[in-house]
Amino acid sequence: MTISSVVVIGAGTMGGGIAAHCANAGLDVTLLDVPAVAGDRNALVKSLWERQLKARPAALFSAQTAERVRLGNVEDDFAAVVARADWIIEAIVEKLEPKRALHARIDAARKPDAIVSSNTSGIPISSIAAERSASFQSHFLGAHFFNPPRYLKLLEIIPTSRTETAVLQAMIDLAENRLGKSVVVCKDTPNFIANRIGAFAIQTRMRSAIAQGFGVEEVDVLSGPLTGNPRTGTFRLADLIGLDVLAQVNNTLYELALDDESRECFLLPAVMQSLIAQNALGNKSGSGFYKTVQGAGGKEFWALDLTSGAYAPASNPSVALVAATRALQLAERWRAIFDAGGDERGARFVIDTTLNILAYAARRVPEISDSPSDIDRAMRLGFGSEMGPFEIWDAIGVARGVALMKAQGIAVAPWVETMLAAGRPSFYVRAENAQLEVYAPTPARNAPAAASRAPAPILLADLAGSPREVARNTSASLFDLGEGVLCLEFHGKGNTLDLQVAEMGQHALDLLSTDRWRGMVIGNQGRDFCLGANIGIFQAAFGDPKQLDAVLSRFQAWVQELRHSPKPIVTAVRQRALGGGAEMCLLAAQVIASAETYMGLVEFGVGVIPAFGGCKELLRRNVSPHVTSSSVNALPHLQQVFETIAFAKVSESAAQARENGFLSPGDVIMLNDEQLLGAAKRSVINLADAGYQAPRRDARPIYAIGGKGKAALATAVDLWRWSGRISAYDDALARALAHVLCGGDLSAPQWVSEQHILDLERAAFVDLAQRPQTQDRIAHMLKHGKPLRN
Ligand code: NAI
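Procedures and definitions
- Residues numbered from 1 in each chain as written.
- Predicted model: local features only at pLDDT ≥ 70, side-chain atom pairs only at ≥ 80, totals over all residues.
- Heavy atoms only, no water.
- Phe/Tyr/Trp six-rings, centres within 6.5 Å; stacked < 30°, edge-to-face > 60°.
- Lys NZ or Arg CZ within 6 Å of the ring centre and 35° of its normal.
- Disulfide = S-S within 2.5 Å.
- Buried < 20%, exposed > 50% of the residue type's maximum accessible area, 1.4 Å probe, protein only.
- Helix = DSSP H or I, 4+ residues; strand = E, 2+ residues; numbered from the N terminus.
- Arc of directions from axis to C-beta.
- Contact = heavy atoms within 4.5 Å.
- Near = heavy atom within 4 Å.
- Polar contact = N/O pair within 3.5 Å; in protein donor to acceptor, adjacent residues only side chain to side chain.
- Areas by Shrake-Rupley, 256 points an atom, 1.4 Å probe, with all protein chains shown as cover.
- Pairing = 2+ DSSP bridges.
- Axes fitted to C-alpha atoms, helices over the stretch in contact; angles between N-to-C directions.

Colleague: Help me understand the packing of aromatic side chains in this model?
Modeller: Centre distance and the angle of the planes are the two values used to describe a pair of aromatic rings. One pass over the full model with this rule turns up 19 aromatic pairs. Among the aromatic residues, those joined into a cluster by ring pairs are Phe390, Trp393, Trp415, Phe427 and Tyr439. The cationic tip of Arg105 hangs over the ring face of Phe78; the distance from NZ or CZ to the ring centre is 4.0 Å. Positioned above the aromatic ring of Tyr254, the side-chain terminus of Arg263 is 4.0 Å from the ring centre.

Colleague: Explanation requested: the state of the cysteines in the structure shown.
Modeller: Disulfides are covalent bonds that link the sulfur atoms of two cysteine residues. Tallied over the full model, the rule gives zero disulfides. There is no disulfide at Cys22, and the cysteine sulfur nearest it, in Cys186, is 19 Å away.

Colleague: Explain helix α12 (residues 270-277) here, please?
Modeller: In an α-helix, one turn spans 3.6 residues; hence positions three or four apart end up facing the same way. For α12, the set of buried residues is Val271, Met272 and Leu275. For α12, the angular spread of buried residues about the axis comes to 100°, placing them on one side. For α12, exposure combined with an orientation more than 90 degrees from the buried face picks out Ala270 and Ala277. Looking at the buried side of α12, the elements it contacts are α8 (194-212), α11 (243-256), β10 (298-304) and β11 (311-313).

Colleague: Where do I start with the site of the ligand in this structure?
Modeller: Of all residues adjacent to the ligand, which total 19 residues, the nearest are Met14, Asp33, Glu94, Lys99 and Ser121. Glu94 places a polar side-chain atom, nitrogen or oxygen, 2.6 Å from an oxygen atom of the ligand. Here an oxygen atom of the ligand sits 2.8 Å away from a polar atom, N or O, in the side chain of Lys99. Computed on the free molecule, the ligand has an accessible area of 830 Å², of which 75% lies beneath the protein chains in the complex.

Colleague: What is the right way to read the sheet that holds strand β20 (residues 668-670) from this model?
Modeller: Ordered in space as β14-β15-β16-β17-β18-β19-β20, the seven strands form an open sheet in which the pairing is mixed. Edge positions in the open sheet fall to β14 (469-472) and β20, since each of these has one partner strand only. Averaged over all neighbouring strand pairs, the angle between strand axes comes to 25°, with direction disregarded. Sheet contacts for helix α21 (residues 499-512): β14, β15 (476-480), β16 (485-490), β17 (519-522) and β18 (569-578); angle to β15, the most-contacted strand, approximately 25°. Where helix α28 (residues 676-689) meets the sheet, it contacts β16, β17, β18, β19 (590-600) and β20, and its direction lies at approximately 150° from that of β18.

What follows is the structure in structure tokens.
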């Protein structure tokens, strides 16, 4: 089943986002909605698509991606478009009858092997397909995306009893390998897994807050990062989802989950009903549990008093528990919260609500899933929690949790007690091969269900502390990925580059010079690949140009050694790669980039220019290759590189990083993040086997334009300054950058060595670092985390 052509029906929030993401994945997409009553029949779908084009964060990888999407309407285009499609995605209103009517039309028009899915969040999948042909039913399933479809990794796939296994398998493969999703296969139960448990958690916290007199801000702190959840906590999350959408999710559960012993929990609290009645639906309507108010000094954030129903300025309450447990890892923090227990007001709230949520999740097995790990994954991927309910329960101790639940009269799922009685103290155990294995409460079903066919991902956290950890210091580690491939991992704050990283990198180079190793991956699984050089290390050398020059020389030498390493070095990059982080990609023989890569040289923000080869590499890659004869005008290409650095352009995707000149055509972009390190490792092996040849050190690969270029760039700077696009100090920085990019004081254009540009980078950096404006920018960045525009 090769899927290349897709039709999405319903161009609203979800349909539009799904269409955009399918285009991101390289599929050909047609997006349909109802025709407009008068005038241009496609007016509605066009205006809805316009929202996706403007969405922030961006729905599309780049402007070019949008060209993969065609627009139409369900009257004029339906039959022809549906007959061609390999996959038909329904994302229309959440009502059974319109969905049924639409699927009847799809049934009549689709080609026999086309897959059909519904994005419903709550309507039973089998009831949508009930009256359809046998062929339709065998090719039909639920494919439930989360909003926004590009960014939320979870895809719940819901086969019915009639869905063919091959269809389910094709869907899982497509979702994981092309769309980059993490799939959880669900049973056809109300709201599936994530929204079932998520709605229960939100309702439980809201009800406890109301009953015990907690404020919305306090609850958001207690249910935010403190307990491994996003900052939105509970009430801000409700505002973000939309109170009407949340109400619909709860109503579906109340109406359809008739056997759920906790069903009453899904009845909306009076305060939420009253907000909905006033059209205070959360962020989209400007007010909900919070609202933004125009105060004298600008926008103010106000919070709702759950008792009086009035808003008051946010008080940012300080919660003692946060200060007391800040330094702890999440699992230790959970234990500390449970230890604090008793009289600590915040801890009491967390403990009581958590016990209820954990017990509820366990009582839903095997009703909504046979495996506790599916519930954990769904909560991590769908709600951005760091730990799922069973992982939390393991952290506090399963037996301890059971005892506390019983003491509070909370019903414990019998299978949990069976597990404990069998002498197994935790849901997860680490098997001898280092893989985590989860307890199976029910015997495996006879028919082997379709499952992920992707190779088991490499997890560096699992290698840490094992014999595969080759070396470790405070900022970096070396791992043995097997088959002769090393991995250099950064793990300092923000994965920044400091002297320890360089030291570990040097150690890596020493190891690479032995026969044991074929090459190396630079990669990690932190939140961001690398936020750049740690400015603290340079700050110490400010005021001492000689020392600063020495530190920079050492870094440059290290970066050049990596670049010229006779054994291939492949960088696996995801999320942010800024400044020095981008330069760790520019030095590699090949880059394996996650589609979600945000890359840029942002040094201007701290008042310096790139000096680990960033200027040199952008020149070498984006200017020099155009100079094929003496008559070529290289200036427009130089101008582009100049702007990329001077405006600190950061890509919104890997595709854009390629457009900006950071990735070459031979670099690979993958949507599946989990497979990134595995792919980088294979690439090292392939390059080594193919007789990899490092770039020559003695070459003159860079075309430097000299004085003529500097004059042209200076004119551009004058214009920017004059039009107010840049600040006074940006002006000075831009002129320093122009000097470097043009090759310094050259009277005529010529080919120069890499070292020539590196020396200029270093000299400019050292010079700028002595200036007070640069020092102000650095101090501001360290204090506020934002650039100063002086
Ligand atoms: P929406 O209201 O933003 O968009 C629905 C679109 O379908 C509208 O543009 C409407 O004109 C169109 N439409 C209605 N009937 C149609 C028909 N017969 N033929 C063609 N187009 C038709 O709704 P939204 O939020 O995008 O939801 C769509 C589906 O996705 C629903 O089933 C919803 O439950 C589900 N869902 C929604 C999520 C969300 O966060 N909004 C999350 C996950 C699933």
